[in-house]
There are 2 protein chains.
Amino acid sequence: MLDGHDRVTGRIPYVLNFEVPGMLVGRILRSPFAHARITAVDGSRAEQLPGVSTVLTRADFAPQTPIKGVYGRVFRDQRVVAAEKVRFVGEPVAAVAAVGEERADEALSLIKVEYEELPAVFDEEEALKPGSPLVHDPRPQLDPAFSSLVGNLSDAGNICSHFKLRHGDVERGFAEADFVFDDTFRSPAVQHVPLEPHVTVAHYANGKLTIWTSTQMPHAIRAQMASLFNLPLTRVRVITQTLGGGFGSKGSLRLEPITSFLAWKANRPVKITLRREEEFVTVCKHPATIHLKTGVMKDGILVARQVRALFNTGAYTDIGPIVARNAGSAMSGPYRTPHVRIDSYAVWTNVVPAGALRGFGVPQAVWAYESQMDMIAERLGLDPVEFRRKNIVRDGDHYATGEKLEGVHYEELLRRAAASVNWAPEEAYWRKKSFAGSMSASQKKVHRGKAVTLVIKATITPSTSTAVLKLNADGSLNVLTSSVEIGQGAKTVLAQIASDAAQIPLEKVLVSEPDTDLTPYDQQTSSSRTTFSMGSAVVLAAKDLTRKLMDLAGEFMEVSADDLTLREGKVEVRGVPERSLGYADILRRACRGDLIGEGAFTTQGGLDLETGQGIGSVHWHQAAAACEVEVDTETGKVMVLRFHPSVFAGRVVNPRLCELQTEGSTFFGLGQALFEEMMYDDNGQVVNRTLGDYMIPSFEDGPLELRVTLLEHEGAGEIHGIGETSLPPVMPAIANAIYNAVGVRIKDLPITPEKILRGLKEKNIAEVQHF
Amino acid sequence: MLDGHDRVTGRIPYVLNFEVPGMLVGRILRSPFAHARITAVDGSRAEQLPGVSTVLTRADFAPQTPIKGVYGRVFRDQRVVAAEKVRFVGEPVAAVAAVGEERADEALSLIKVEYEELPAVFDEEEALKPGSPLVHDPRPQLDPAFSSLVGNLSDAGNICSHFKLRHGDVERGFAEADFVFDDTFRSPAVQHVPLEPHVTVAHYANGKLTIWTSTQMPHAIRAQMASLFNLPLTRVRVITQTLGGGFGSKGSLRLEPITSFLAWKANRPVKITLRREEEFVTVCKHPATIHLKTGVMKDGILVARQVRALFNTGAYTDIGPIVARNAGSAMSGPYRTPHVRIDSYAVWTNVVPAGALRGFGVPQAVWAYESQMDMIAERLGLDPVEFRRKNIVRDGDHYATGEKLEGVHYEELLRRAAASVNWAPEEAYWRKKSFAGSMSASQKKVHRGKAVTLVIKATITPSTSTAVLKLNADGSLNVLTSSVEIGQGAKTVLAQIASDAAQIPLEKVLVSEPDTDLTPYDQQTSSSRTTFSMGSAVVLAAKDLTRKLMDLAGEFMEVSADDLTLREGKVEVRGVPERSLGYADILRRACRGDLIGEGAFTTQGGLDLETGQGIGSVHWHQAAAACEVEVDTETGKVMVLRFHPSVFAGRVVNPRLCELQTEGSTFFGLGQALFEEMMYDDNGQVVNRTLGDYMIPSFEDGPLELRVTLLEHEGAGEIHGIGETSLPPVMPAIANAIYNAVGVRIKDLPITPEKILRGLKEKNIAEVQHF
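What counts and how
- Residues numbered from 1 in each chain as written.
- Chains lettered and ligands numbered in written order.
- Predicted model: local features only at pLDDT ≥ 70, side-chain atom pairs only at ≥ 80, totals over all residues.
- Heavy atoms only, no water.
- Helix = DSSP H or I, 4+ residues; strand = E, 2+ residues; numbered from the N terminus.
- Buried < 20%, exposed > 50% of the residue type's maximum accessible area, 1.4 Å probe, protein only.
- Contact = heavy atoms within 4.5 Å.
- Areas by Shrake-Rupley, 256 points an atom, 1.4 Å probe, with all protein chains shown as cover.
- Lys, Arg positive; Asp, Glu negative; His and termini not counted.
- Charge placed at Lys NZ, Arg CZ, Asp CG, Glu CD.
- Least-squares fit on C-alpha atoms with pLDDT ≥ 70 in both.
- Pairing = 2+ DSSP bridges.
- Axes fitted to C-alpha atoms, helices over the stretch in contact; angles between N-to-C directions.
- Parallel < 35°, antiparallel > 145°, perpendicular 65-115°, else oblique.
- Left-handed = near helix turned anticlockwise from the far one by under 90°.
- Nonpolar A, V, L, I, M, F, W, Y, C, P; charged D, E, K, R; others polar.
- Buried area = accessible area lost by both parts, 1.4 Å probe.
- Salt bridge = Lys/Arg side-chain N within 4 Å of Asp/Glu carboxyl O.
- Polar contact = N/O pair within 3.5 Å; in protein donor to acceptor, adjacent residues only side chain to side chain.
- Domains from an automatic or database assignment.

### Remarks on the overall build of chain A
Line of reasoning, step 1. When you go through chain A residue by residue, the secondary structure sums to 19 helices and 35 strands.
Line of reasoning, step 2. Along the three orthogonal principal directions, the C-alpha set of chain A runs to about 85 × 80 × 50 Å.
Line of reasoning, step 3. Here chain A holds 771 residues, and 64% of them are scored as buried.
Line of reasoning, step 4. Here the analysis covers contacts within chain A between residues at least 6 apart in sequence; of these, 80% occur between residues at least 24 apart.
Line of reasoning, step 5. For chain A, the accessible surface area stands at approximately 26700 Å², while carbon and sulfur atoms represent 50% of it.
Line of reasoning, step 6. Counting 83 positive and 94 negative side-chain charges, chain A places the averaged centre of each group 1 Å from the other.

### Examining the relation of the copies chain B and chain A
Superposing the two chain copies requires a rotation about an axis and a translation along that axis.
Line of reasoning, step 1. Turning chain B through 180 degrees and shifting it by 0.0 Å along the axis lays it on chain A, with an RMSD of 0.0 Å. The superposition of one copy onto the other is thereby described by a two-fold rotation axis. The position closest to the rotation axis in chain B is occupied by the C-alpha of Leu518 of chain B, lying 3.2 Å away.
Line of reasoning, step 2. Here 100% of the contact residues of chain B are again contact residues in chain A; the copies associate through an equivalent surface.

### Focus on the sheet that holds strand β7 (residues 85–86) of chain A
Line of reasoning, step 1. Ordered by their spatial adjacency, three strands build an open sheet running β7-β2-β9 (chain A), and the pairing between neighbours is antiparallel. The open sheet has two free edges, formed respectively by β7 and β9 (112–117) of chain A, since each of these has just one partner strand.

### Points about the packing of helix α5 (residues 218–228) of chain A against helix α6 (residues 256–266) of chain A
All names here are of chain A.
Line of reasoning, step 1. Where α5 meets α6, the axes come as close as 11 Å, and the angle between the chain directions of the two elements is 50 degrees. Here α5 lies oblique to α6, going by the angle between them. Crossing hand, α5 versus α6: right-handed. Here α5 contributes Ile221, Met225 and Leu228 to the contact with α6, which in turn contributes Glu256, Pro257, Ser260 and Phe261.
Line of reasoning, step 2. Of the residues that constitute the contact of α5 with α6, the class distribution is five nonpolar, one polar and one charged.

### Let's talk about the interface of chain B and chain A
Line of reasoning, step 1. At the interface, 48 residues of chain B touch 48 residues of chain A.
Line of reasoning, step 2. Interface area for chain B against chain A, summed over the two sides, is near 3900 Å², with a carbon-plus-sulfur share of 53%.
Line of reasoning, step 3. Between chain B and chain A we count two salt bridges in total.
Line of reasoning, step 4. With its nearest N and O atoms 2.4 Å apart, the salt bridge here joins Glu598 of chain B to Lys548 of chain A.
Line of reasoning, step 5. For the pair chain B and chain A, the number of links is 24 residue pairs in polar contact (both at pLDDT 80 or more).

### Looking at the side chain of Ser528 of chain A
Residues and elements named next belong to chain A.
Line of reasoning, step 1. Its place among the elements puts Ser528 in the loop between β25 (509–511) and α14 (530–557).
Line of reasoning, step 2. Overall, the relative accessible area of 14% leaves Ser528 in the buried class.
Line of reasoning, step 3. Here the side chain of Ser528 touches Gly723 through a polar contact of 3.3 Å, landing on its backbone nitrogen.
Line of reasoning, step 4. Here the side chain of Ser528 touches Glu724 through a polar contact of 3.1 Å, landing on its backbone nitrogen.
Line of reasoning, step 5. Not counting chain neighbours up to four residues away, the residues in contact with Ser528 comprise Lys457, Thr459, His621, Gly721, Ile722, Gly723, Glu724 and Thr725.

### Here we look at the domain arrangement of chain A
Interface extent is often summarised as the accessible area lost during association of the parts.
All names here are of chain A.
Line of reasoning, step 1. Annotation of chain A at the domain level lists domain 1 (4–120 + 192–279), domain 2 (288–459 + 610–770) and domain 3 (463–603).
Line of reasoning, step 2. Averaged C-alpha coordinates put domain 1 and domain 3 at centres separated by 38 Å.
Line of reasoning, step 3. Listed as interface residues are 20 residues of domain 1 and, on the opposing side, 20 residues of domain 3.
Line of reasoning, step 4. Carbon and sulfur atoms make up 49% of the area that domain 1 and domain 3 hide from each other, which totals about 1500 Å².
Line of reasoning, step 5. Interface area lost by domain 1 to domain 3 is led by Gln216, His219 and Arg237, which between them contribute 37%.
Line of reasoning, step 6. On inspection of domain 1 and its partner domain 3, the count reaches four salt bridges.
Line of reasoning, step 7. Notably, a salt bridge pairs Asp517 with Arg237, separated by 3.6 Å at the nearest N-O pair.
Line of reasoning, step 8. With four residues, strand β15 (residues 236–239) is the single largest residue contributor to the side of domain 1 that touches domain 3.
Line of reasoning, step 9. Considering only residue class, the side of domain 1 that touches domain 3 consists of seven nonpolar, nine polar and four charged.

### Focus on the pattern of salt bridges
Note on pairing: side chains with opposite charge can pair once their charged atoms come close.
Residues and elements named next belong to chain A.
Line of reasoning, step 1. Following the criterion strictly, the structure yields 100 salt bridges over all chains and no others.
Line of reasoning, step 2. We note a salt bridge from Lys164 to Glu610, for which the minimum N-O separation is 2.7 Å. With Lys164 in strand β11 (residues 159–167) and Glu610 in the loop between β30 (606–607) and β31 (614–615), this residue pair connects regions lying 446 residues apart in the sequence.
Line of reasoning, step 3. Via salt bridges that share partners, Arg27, Arg30, Glu101, Asp105, Arg275 and Glu278 belong to a single interconnected network.

### A word on the pairing of strand β1 (residues 24–30) of chain B
All names here are of chain B.
Line of reasoning, step 1. Along β1, six of the seven residues are buried, which leaves the element largely enclosed by surrounding structure.
Line of reasoning, step 2. Summarising the sheet, β1 and strand β16 (residues 270–273) pair through two bridges and their orientation is parallel. Across the sheet, residue Leu24 finds its bridge partner in β16, namely Val270.
Line of reasoning, step 3. As judged from the six bridges shared by β1 and strand β8 (residues 92–98), these two strands associate in the antiparallel manner. By the bridge assignment for β8, Arg27 is matched with Val96.

### Let's talk about unusual backbone geometry
Line of reasoning, step 1. Residues Leu749 of chain A and Pro750 of chain A are joined by a peptide bond in cis, for which omega reads -5 degrees.
Line of reasoning, step 2. Within the secondary structure layout, Pro750 of chain A lies in the loop between α17 (730–742) and α18 (753–762).
Line of reasoning, step 3. For the bond running from Asp137 of chain B to Pro138 of chain B, omega is 5 degrees, close enough to zero to count as cis.
Line of reasoning, step 4. Structurally, Pro138 of chain B is set in the loop between α4 (124–127) and β10 (141–142).

### So, the pairing of strand β3 (residues 52–56) of chain B
All names here are of chain B.
Line of reasoning, step 1. Within β3, four of the five residues are buried, leaving the element largely enclosed by the surrounding structure.
Line of reasoning, step 2. Here β3 runs beside β8; their pairing, made up of four bridges, is antiparallel. Its bridge partner lying in β8, Val55 is registered against Val96.

### Points about the sheet that holds strand β27 (residues 570–573) of chain B
In a beta sheet, neighbouring strands are held together by backbone hydrogen bonds and run either parallel or antiparallel to one another.
All names here are of chain B.
Line of reasoning, step 1. One open sheet accounts for three strands, arranged β26-β27-β28; its pairing is antiparallel. Unpaired on one side and paired on the other, β26 (564–567) and β28 (576–582) mark the two borders of the sheet. Averaged over all adjacent pairs, the angle separating strand axes in this sheet is 35 degrees, with direction ignored.
Line of reasoning, step 2. Bridge count between β27 and β28: four bridges; the pairing is antiparallel. Bridge assignment links Glu572 to a residue of β28, and that residue is Ser580.
Line of reasoning, step 3. Docked against the sheet, helix α15 (residues 530–557) engages β26, β27 and β28, running at close to 120 degrees with respect to β26.

### Digging into the environment of Ala205 of chain A
Line of reasoning, step 1. When you line up the elements, Ala205 of chain A lands in strand β13 (residues 199–205).
Line of reasoning, step 2. Sequence spacing of Ala205 of chain A and Pro269 of chain A is 64 residues, and the spatial spacing of their C-alpha atoms is 9.0 Å.

Pasting the structure below:
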């Protein structure tokens, strides 16, 4: 990793450490109620406190002003500060900018807000029941560009969006099936926990808004802030530094609006840095309830699947509909299923707004279908690996979305995953039971189990990235890109790609940080798309650049450009390496100070929201997970002995970074499998909102053995993103392995020791302890 | 001017006001001797002072280190801090970085330096005499890329460079001439006096040097700093903000090396801001002595010119050879002269190093030849306007450099200039004398005189600029350029050009500040080249961009791109304006986040240093000046009643900015004509180094009437730069008008009241006072 040394020596200039002369500190006053009408807001006492520059309240966005302070990528339902109502505990109600944090906190305490509490709803199923309190009434305004994301909904209560996938005839499928399984799986809200919290510095001067912010999508932030301030894009500049993590939490407007309006009103730069407890009420993974009904023939061939998935998107929409669609489109899993009917909903409730978290809804989906796959295998008495093998999609299949699949590698991924844990058919729980009697009669307390799971996952489609390359007079190369270095190694990988494509030594290649005034467009740094999408743009830009170089060199060397080739900073005559011109020489002879190449890479596609048909992904991300766990039946504690993710990478640019990403996904999944859960009290308040109370995995919790398999194309093929592909199968792999160890099936995450002990109690414990 | 409001409200973010967290203040210890050997430097006591981070001395550049600390664009003769010798009073000997200015100053006082004084030479003519002290001994190392700038010199003493122009046979010309005039004209050192002094912030971290600096050439600074630190260009980032003036003073390495090495050694950001008295010992206009020998026929036809020009480049070379060449190449003026022999020297002395000052040597040259033109006209009894008209170069002429001249407009410029002051042939001094007797016998104290002068001036050739345009999703446009906004309105003019070429409303166009990591190459912001060179690059980039737009639009509209045209942010079918697509629509339909266009503009040329033959300028800048002055014979005081510069602009992009530039040149010239002069004492110390002692013109000193004529091509033609074109003829215009008023010829600037009074005394005062 090119910036590895800077990272470990603490010299990365994160926005967290960024300062502007004369900068004020911003702090946010938050709602103590999950649902309430605001009857009064009075910031006057706070405003009079010495050292307080400004107080921002709903009065600053009065109906008569041109600045509405209302935003949201799908629904315009979010306000810079609450106006009529608050809809979750923690919602910003006012903000102050003051000379320091203490003074700002003191000012917050002087703001007087009066509330009239309203009934609230927290659970996604409760929210859909008749008579449930309405989170948004009337429905908020929809951005016309996003109407296709929401579905045809008018009087839909708390349904925010409804994605449908219709493939085959699911009723006929269930009628034909020998067995039908109907189960419900639940995933809780969890935190992203980037080490660097949300942080934004904003400065409004000379009619221009400049924002330094820890975000995964600088250009989207620019567009939304321009819209909020009624400015052309050129009047908003978003500068992003290397992020101290994001994992999807920094993929929408977060602190940018409130910080910018404070700065605008204060006429001074303002910085807001969230405290960890504020992180907990800012964004989280969607809690989800997934009802999964699967029809299967007795030989194990899948015939039908019906899903009703409820994604609890919290009080404000953000990208909930996209998460629901993304998860919904792949809920038949990597399996041939002739009849599929999926209804995937985003649902409003009075909890913390949810967003993407490394996998974009797919972890919740895979949690459901891969848990159920093992349940079906047991019921049918099939080896779960063989059962999966029988059903996996293969090259040339049409997926449930209607698109033809190519480059499908599940056979190999499954084979490698199974081999990595020495999977043998006789290890299935129900088979182990059958010879339990022959085992030692001693009461074993610790039991081992294994499992293998799969995932299919879309990468965002359509998608577009632009790159500009600037070849300098000394033959060094500036790569201009708006991809965000988020710890994943984007700068390293893009530098490698540029170095290779333009034949310039890596140490002479520099990849920029995003700056929307200067670096070209990138849609977002998420969805495991950077190496593929921006990498492709860089390759195209390098082609543009090197074509120009070869044209010039051809002229100077009096050779057709077709007879030239590139090698290590030189253009040389093919087959005559002694006839060559260095890049710097070419520029000098052309009297040029630099040479510019540009490339744009765009994928087309998209799904119809009413049928789920279309192109769901330019290519589908594929992975398998295999693990072995040890369960202590006395304490309920689970130890992951070994974990072996296998991921199809297409082409690996940087093996170590691919491994690190995949290892990171494993740890993320392990935390979500075993301990992570945001807990709410009855009033809708998150109770475990510190890292003392909310447990994330440490290296101590990690697998004793963690070995990554990166599967590649034969020959040169498309790069596949791997940044989050390996995460979704982790939770069901651990759950299935636990079941395999002790026969306890947990269907709601996380799989805590308490749940295992309860499961053991409910079972015949003696039976378990004897085999 | 787009940033006019920000300027007058003081909201331009100059580097002067820029701060980085943790920044130290740097201060420089300077030599008190004009020429001395340094026998000891001891910074240890300073280093121990609390609050002092580091002290930089020659010990940091010991011969055994890879960092030599030696730089210079032609000769590598300059050191970050002096090593063996100092060569002028004010040369940096050591520097400190400390927590504040006071502490830094205290630290300077603790640095102990021991000197052994050496004989010094200050005057350019003295320096060439045998036995003169040698400023550089041995001659410093020459940058091989610049050998053609210096001439064939080996044992040349204090001659730094020697440019020769050989055209025709000057001996034959003088033999044929009816009259030969031989005069010597002198120009002193003067200051640039930008309101923003030299200021640099440097930070060296993670193997990368970042410099925020008030410079006119960010890319050249990057290249030279990369060379100083042995880094590829990608490891040095130079960021420039809008400058508070430059006028040529910020066109080479100034504070960048010393600030960067302090930052590198301190491992902290460091800022150095020069005090005004330090500005005086940093750079100035070249003092020059020009011996001008001109042969002319009695009918006023010029036949021969021989010049020996000595440009006093001070203790260090910088761009002295380029100044000497640029001035030398045009010393035959805008006149047909069959036989020309020019020898133009840069000469080393022990005074403050000189650089370019708005006109690049040409003001010194024009001072000489336009003064002499009026002297010749008088001797021949010719009307000085008619005398000039007889000799001016015209379209199709070959200039003394051998190049064919096109687009020559002197006839019109001269006509307009003469008309602007109602010039009549009978107003010549010698004609006024003839009817003096008929005038009132009263002793007039105040006399009026008029004059008209011309200039021909090169713009730097070869030259290259690159521009990148980024069309955003909303149809707004980012213009990426490294042209420096120096107060001349570059950002406004480039935005206008981009707006016009890409058909995007001006308020949606944003021109970047230079950032060498991100903005494309520009050679320099000087030589009146920005509107022409970068403007042309912007037009080419707009062509590239709009071609792509039209290709996409043609596809979507199913029309050949050839049938499309652009208008106000739309592509429309030619002749069918109702069939059109907005830029934003095109991008959306193409699934693009932006669209990039790039353009590079390069001019070719250059002069042979031994003959002066070649292409001296891609086109020649042309101007005339006309003025009327009033001279008080009792006080010697001159009042400029009216001044009328006329400049050929090719095509005017922004009339008000062109006028302002030309008015600015007039004020600059007026200061140099009447009061500006850096005065040295016998030890080589500048004595008038405050703005209390050194007089620059105020609006009070300006012409009572100042009216600018901007002459344009008929039809659309090339843009000509006008940033400095009008300055050189100001000084001889005022001198000639003074002569015309009172018959006193001053040949050494400035024309102080004392010199006029002395001149009057030397003449028959009565004669003057009676006509």
